[in-house]
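Breakdown of the fold
Spelled out from the first residue to the last, the chains are:
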Amino acid sequence: MMIDLALLPVYLTTVIALLLIPGPDMLLIASSSLSYGRKVGVYASLGNATSGLILTLLAAMGVSALVAMNPMALELLRLLGGAYLLKMGWDCMRSLATEAPEIEQQNNLAKLLYRRAVTSNLLNPKALLFFVLFLPQFVSTQLSASSGEQMLVLGLLLNVMGLLFNLLLVALVGSLGKPLLNNEKFRTYQNKFMGVIFFALAIWLLSSQI
């Protein structure tokens, strides 16, 4: 047994509560779905899940804890993450109106948002600290499985639940945003809208205390 069944209900309830709290990941996925459609939102969700799996593996192996103990490493991550988000915002803002993506260009756009979601999350020290501080709370000494094995299973469960929640969010927001995608005026400014989102995420990250 990899999960203490006595702790499982508390863990699941806590994860659901955390998923319902608006955060930067939710903002990026929702805005991607609203601006570019469901497919792009799905890829952004998959990017978020991919980074979550990587962070889970790092936490299970103890690498995240080593990084978290180094204030300089956390600060470097914060600055790199903020700079990356600022660059993404700038790239979107300087895009010409004529460069607003057509529906047939969504494959490339979806892959781009996937990479952006992965990178922005991995460069967010708060995400790393979350896995370091959250998962160990539900590691049980009553099981024969090691703490690393338990954290791996707990993290996988967290990521599966997070992906399902984000896909539901994409479906809801994508439905609301569908009329906008057929609005020529909105399509002129959709890159600018995403630029504002990236700038907002950069400000949030750079101004926050670790």
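Preceding block: the structure.
Along each chain, residue indices are assigned from 1 in the same order as the chain's sequence is written. Per-residue local features of the predicted model are confined to residues with pLDDT of at least 70, and side-chain atom pairs are confined, for both listing and counting, to 80 or more; whole-chain, interface and lining totals are unaffected and use all residues. Water and hydrogen atoms were dropped before computing side-chain values, which therefore reflect all heavy atoms in the structure.

Glancing now at the packing of helix α3 (residues 38-61) against helix α7 (residues 125-134). For helices, the axis comes from a line fit to the C-alpha atoms of the stretch in contact; other axes are also lines fit to C-alpha atoms, and the angle between any two N-to-C directions lies between 0 and 180 degrees. Secondary structure is summarised from DSSP: a helix means a run of H or I of at least four residues, a strand means a run of E of at least two, and numbering begins at the N terminus for each. In contact at an axis separation of 9 Å, α3 and α7 are set at 50° when each is read in the N-to-C sense. Considering the angle they form, α3 stands oblique to α7. Handedness of the crossing formed by α3 with α7: right-handed. Contacts between α3 and α7 pair Gly52, Leu55, Thr56 and Ala59 from the former with Ala127, Leu128 and Phe131 from the latter. Classifying every residue of the contact of α3 with α7 gives five nonpolar, two polar and no charged. Angles are sorted into four bins: roughly parallel if under 35 degrees, roughly antiparallel if over 145, roughly perpendicular if 65 to 115, and oblique for all others. Each crossing gets its hand from how the near helix is turned against the far one by less than a right angle, where anticlockwise is left-handed and clockwise is right-handed. In this description, contact between two residues means that some pair of their heavy atoms is separated by no more than 4.5 Å. Three classes are used: nonpolar for Ala, Val, Leu, Ile, Met, Phe, Trp, Tyr, Cys and Pro, charged for Asp, Glu, Lys and Arg, and polar for all others, with Gly counted as polar.

This part is about the environment of Leu55. Along the polypeptide, Leu55 turns up in helix α3. Sequence separation between Leu55 and Arg187 is 132 residues; the distance between their C-alpha atoms is 35 Å.

Glancing now at the packing of aromatic side chains. Aromatic contacts are taken between Phe, Tyr and Trp rings whose centres are within 6.5 Å, Trp giving its six-membered ring; a plane angle under 30 degrees counts as stacked, one over 60 as edge-to-face, and the others as tilted. Overall, the coordinates contain five aromatic pairs when judged by the stated rule. An angle of 70° between the planes, with centres 4.9 Å apart, marks the rings of Tyr11 and Phe138 as edge-to-face. Here Phe138 lies in the loop between α7 and α8 (147-181) and Tyr11 lies in helix α1 (residues 8-20), a separation of 127 residues in the sequence. Residue classification places Tyr11 among the buried positions, given a relative accessible area of 1%. Burial classes follow relative accessibility: with a 1.4 Å probe on protein chains only, a residue under 20% of its type's maximum area counts as buried, one over 50% as exposed, and anything between as partly exposed. On the accessibility criterion, Phe138 (9% relative accessible area) is buried. The structure contains a cluster of three or more aromatic residues connected by ring pairs, namely Tyr11, Phe130, Phe131, Phe134 and Phe138.

This part takes up the pattern of salt bridges. Opposite charge on two side chains permits pairing when their charged atoms draw close. Throughout this description, the term salt bridge denotes a Lys or Arg side-chain nitrogen within 4 Å of a carboxyl oxygen of Asp or Glu. Summed over the entire model, instances satisfying the criterion amount to three salt bridges. Across the salt bridge formed by Glu75 and Arg78, the nearest N and O atoms sit 2.6 Å from each other. Pair noted here: Glu75 and Arg78 are both in helix α5 (residues 71-93), with a separation of three residues, about one helical turn. Several salt bridges share partner residues, and in doing so they unite Lys87, Asp91 and Arg94 into one network.

This brings us to helix α9 (residues 184-207). Working note: α-helix, 3.6 residues per turn, so residues spaced by three or four point in the same direction. An ideal rise of 1.5 Å per residue puts 34 Å on 24 residues; α9 measures up with 35 Å between its terminal C-alpha atoms. Its axis deflected by about 45° at Gln190, α9 carries its strongest bend there. Here the expected span of a helix is defined as 1.5 Å times the quantity of residues minus one. Note on bend: at a given residue it equals the angle between the axes fitted to the 7 residues ending there and to the 7 starting there.

So, about the nonpolar core. Across soluble globular proteins, nonpolar side chains have a tendency to be buried as a group. Nonpolar core, defined: a set of buried Ala, Val, Leu, Ile, Met, Phe, Trp, Tyr and Cys residues in which side-chain atoms within 4.5 Å join the residues together. Among the nonpolar cores identified, the biggest contains 38 residues, and Tyr11, Val15, Leu28, Leu135, Met194 and Phe198 are the most heavily contacted of them. Residues Met26, Ile29, Ala30 and Ala44 belong to the second largest nonpolar core, which totals seven residues.

Mapped onto the secondary structure, Leu163 falls in helix α8. Of the residues examined, Leu163 reaches a relative accessible area of 22% and is grouped as partly exposed. With 115 residues separating them in the primary sequence, Leu163 and Asn48 have C-alpha atoms 7.9 Å apart. Contacts of Leu163, omitting those with residues within four sequence positions, involve Ser45, Leu46 and Ala49.

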